[in-house]
Amino acid sequence: MRIATAKESYAADEALFDTPTQRVWLALFVAVCALFPFTANEYWLYMACLVAIHVISVTGLNIVTGFTGLVSLGQAAFMGVGAYTVAVAETRFGTPVLLNLIAAGAITAAVGAVVGIPSLRVKGLYLAIATIASSFILHFVFANWNSVTHGVSGISLPPASILGVEFGRPFALYFLIVPIAFLAVFSASNLFRTRIGRAFIAIRDRDISAEVLGIPLLRYKLMSFALSSFYAGVAGGLWAYFFRVVTPESFPFVYSIFFLAAVIVGGMGSILGSILGAVFMTMVPEVLKLGVGVMSPFLSDAVALLSPVRTIVFGGLIIGFLIFEPHGLAEIWRRIRRFFHLWPFKT
Amino acid sequence: MSDVSEPILEVRDLSLAFGGLKVLTDVSYTVPKGSVTAIIGPNGAGKTSMFNCISGFYRPKSGAIRFQGTDIGHLHPPQRAELGLARTFQNIALFRGMTVLDNIKLGRHAHMKTSLFDALAYFGRARREETELRAEVEEKIIDFLEIDHIRNKPVASLAYGLRKRVELARALAMKPKILMLDEPVAGMNREETEDMARFILDVKEEWGVTILMVEHDMGLVMDLSDHVVVLNFGQVIAAGKPAEVTSNEDVIRAYLGSGDVEVLRRTVQGEVAA
């Protein structure tokens, strides 16, 4: 039961984590995240890093699609821009890692703002097509701008290195990627406590009355695209440091659909949903792999089935969530929370 | 009482057409500062179009709109909002995905300075502005409109009358100099209408905000307005004090069609339910 949560100041009521219980849970979660690498094996660290990269990208996509209502199917291509930025900066100029990541975010934000220009005129399906088009244009650039991207052969990177510490293995990369993911998620949560976040939601819900209420649509739609792309760029940069080879094939169009699916499954317009969606969608293929492992003694071609089954499961999940739980995993979580807040009274 | 004061809003020779359809033709009137001015007229007379021209959503074909003495014809809707033109909508335009509190806070958008970077860090200016805004919204607006019990509810769960009240709250958060209300009591029961009438008068008297409203409830118009403008087929057919307007035979005919003028007059003056 949730009791004794009365506040004495508006600032306390506006806090992101407004009850002591929430703060204790948060501290516990941070502690678990910090200690996780010392107990987990290589495989789980690898998965954790991948999940954290996806959390950043999905949070970014949720800002533009879930909160601002502008459907974008270019998130993977934007990640590609970030990854190439880092790869080029690292191999040609050898600039510091954090600077490279910021540059990746900034350049991708600029690209995203340009891609977002059609959003001023078109919405919904039409905007989705426009972003698909720009995603294919970016792929073409990755594959053919040989002097910068080395075409189809791609770019290999040395391991990231900060102040002489090398971030090569997942164990070390974990301590680079996860804090950045934390920062990204907290920044996004902060955003939606202020006028900028409210403006995004207003544009999603009723853009015409938002304009009459004093929100310049042009500026805020482009800002949303740019911010979302900044997240994608940073995620792509981390991706480059994580896999250490960037090719045009690294960011296929289905990867964009994967991110959109994560937003839908997690919960559109929910920061928590971005986290849950990214974790869930990244782990589903692993669970399927486990299933294949169990089945293989009984089914001779279980491994060959993995790929089609994965596609079917992804498709089924998206359809299932759209029909039965349109607000995603975040809503399920809220229901569970509400149950415990009201327990033992009738819910 | 306010007939002598200078106009806060002046509409001159405004014409609006959608293709061949003339919606407004040479409409001119003034809204005295500190008054309650009502625009009345039959359905389709162009009242809401008039509002949309003032808030910048429609671009009139010709004519001028002057607010506090300056022409605002070239300004975009957000710039007009920043100047102090606030409005509510006939079909309630609240943001369904937000709570009541966030909807009201959104009204202040144009007067805040928090930048994207402040917002991401929620530090310094963002924290200060948001806390100040919260205090002001709570103490001035939510208390005044008696909506403290619903402040954390999503607007989608509210009853119609409360939604109208939240929309008024959001418009008040815009620091309005002139508040445009598009049918503030349409579809409300008697009690809700009386509450809304009380709020409108309080806004005018305590907040010193000029009110321009479109309303079909003649009783309310007669009771609240200092000044009435009658539109019919996109033209002003009468303007003046409520009593003058309702005894104008043109108005009675335009508004209620033909029939016994004496009965119609009593209807228009709110003595007989329409």
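Please read these numbers as outputs of a predicted model, since none were measured by experiment.

Participant: An account of the overall build of chain A is requested, with residue identities and associated values reported.
Facilitator: When helices and strands are counted, chain A shows 15 helices and four strands. In summary, chain A has a C-alpha radius of gyration of 21 Å against a globular reference of 20 Å for 347 residues, a match within 12%. Each of the three principal axes of chain A carries a C-alpha extent, and together these read 60 × 60 × 45 Å. Per-residue burial over chain A gives 51% buried out of 347 residues. The long-range share in chain A, meaning contacts at least 24 apart out of those at least 6 apart in sequence, stands at 76%. Here chain A has roughly 16,300 Å² of accessible surface; of this, 73% comes from carbon and sulfur atoms. Charged side chains in chain A number 22 positive and 15 negative. The centres of these two groups are separated by 5 Å.

Participant: Would you mind going over helix α2 (residues 20–39) of chain A in detail, with residue names and values included?
Facilitator: Residues and elements named next belong to chain A. For α2, spanning 20 residues, the distance from its first C-alpha to its last is 28 Å, which sits close to the expected 28 Å at 1.5 Å a residue. In the structure, α2 departs most strongly from a straight axis at Cys-33, where the bend amounts to approximately 25° and where the proline Pro-37 lies between one and four residues downstream. Taken as a whole, α2 has its buried residues at Gln-22, Cys-33 and Pro-37. Against the buried residues of α2 lie α3 (42–67), α8 (170–191) and α15 (328–342).

Participant: With reference to specific residues and values, describe helix α9 (residues 195–205) of chain A.
Facilitator: Among the eleven residues of α9 of chain A, nine are classified as buried, and the element is accordingly described as predominantly covered. Residues of α9 of chain A that are buried: Arg-195, Ile-196, Gly-197, Arg-198, Ala-199, Phe-200, Ile-201, Ala-202 and Ile-203 of chain A.

Participant: Give me the lowdown on the sheet that holds strand β7 (residues 178–182) of chain B, citing residues and values where you can.
Facilitator: Residues and elements named next belong to chain B. A sheet is described by the order of its strands in space; here six strands give the open sequence β6-β7-β8-β3-β9-β10, paired in mixed fashion. With partners counted over all chains shown, the strands left at the sheet margins are β6 (85–87) and β10 (235–240), one partner each. Direction aside, the axes of adjacent strands within the sheet are offset by 20° on average. As judged from the four bridges shared by strand β3 (residues 36–40) and strand β9 (residues 227–232), these two strands associate in the parallel manner. Within the sheet, the bridge partner assigned to Ile-40 lies in β9 and is Val-230. Contacts between helix α6 (residues 160–173) and the sheet are confined to β6 and β7, with β7 contributing the most and set at about 160° to the helix.

Participant: Outline the packing of aromatic side chains, listing residues and values.
Facilitator: Counted by the stated rule, this structure contains 30 aromatic pairs over all chains. Between Phe-339 of chain A and Phe-340 of chain A, the ring centres sit 5.3 Å apart and the planes meet at 85°, which makes this aromatic pair edge-to-face. Judged by its relative accessible area of 38%, Phe-339 of chain A falls in the partly exposed class. Connected via pairs of aromatic rings, a cluster forms that spans Tyr-46, Trp-239, Phe-242, Phe-243, Phe-251, Tyr-255, Phe-258, Phe-259 and Phe-314 of chain A. One Lys or Arg, Arg-193 of chain A, reaches over the ring of Tyr-122 of chain B and ends 3.5 Å from the middle of that ring. The ring of Phe-199 of chain B carries Arg-198 of chain B above its face, with NZ or CZ at 5.0 Å from the centroid.

Participant: A description of the confidence of the model for chain A should follow, citing residues and the corresponding values.
Facilitator: Looking at chain A as a whole, the pLDDT averages 92, with 100% of positions reaching at least 70. The least confident element of chain A is helix α14 (residues 302–324) of chain A, whose mean pLDDT is 84; the most confident is helix α11 (residues 217–243) of chain A, at 97.

Participant: Report on the sheet that holds strand β1 (residues 7–18) of chain B, specifying residues and quantitative values.
Facilitator: All names here are of chain B. Taking strand neighbours across the sheet as the criterion, the four strands line up as β2-β1-β4-β5 in an open arrangement whose pairing is antiparallel. Among the strands making up the open sheet, the edge pair consists of β2 (21–32) and β5 (70–71). As defined by bridge partners, strand β4 (residues 62–67) adjoins β5 across two bridges and the pair is classed as antiparallel. The partner of Arg-66 across the bridge, within β5, is Asp-71. Docked against the sheet, helix α1 (residues 47–54) engages β1, β2 and β4, running at close to 70° with respect to β2.

Rules of the game
- Residues numbered from 1 in each chain as written.
- Chains lettered and ligands numbered in written order.
- Predicted model: local features only at pLDDT ≥ 70, side-chain atom pairs only at ≥ 80, totals over all residues.
- Heavy atoms only, no water.
- Helix = DSSP H or I, 4+ residues; strand = E, 2+ residues; numbered from the N terminus.
- Rg over C-alpha atoms; globule rule 2.2 N^0.38 Å.
- Buried < 20%, exposed > 50% of the residue type's maximum accessible area, 1.4 Å probe, protein only.
- Contact = heavy atoms within 4.5 Å.
- Areas by Shrake-Rupley, 256 points an atom, 1.4 Å probe, with all protein chains shown as cover.
- Lys, Arg positive; Asp, Glu negative; His and termini not counted.
- Charge placed at Lys NZ, Arg CZ, Asp CG, Glu CD.
- Expected span 1.5 Å × (residues − 1).
- Bend = angle between axes of the 7 residues up to and from the residue.
- Pairing = 2+ DSSP bridges.
- Axes fitted to C-alpha atoms, helices over the stretch in contact; angles between N-to-C directions.
- Phe/Tyr/Trp six-rings, centres within 6.5 Å; stacked < 30°, edge-to-face > 60°.
- Lys NZ or Arg CZ within 6 Å of the ring centre and 35° of its normal.
- pLDDT = per-residue confidence, 0-100.

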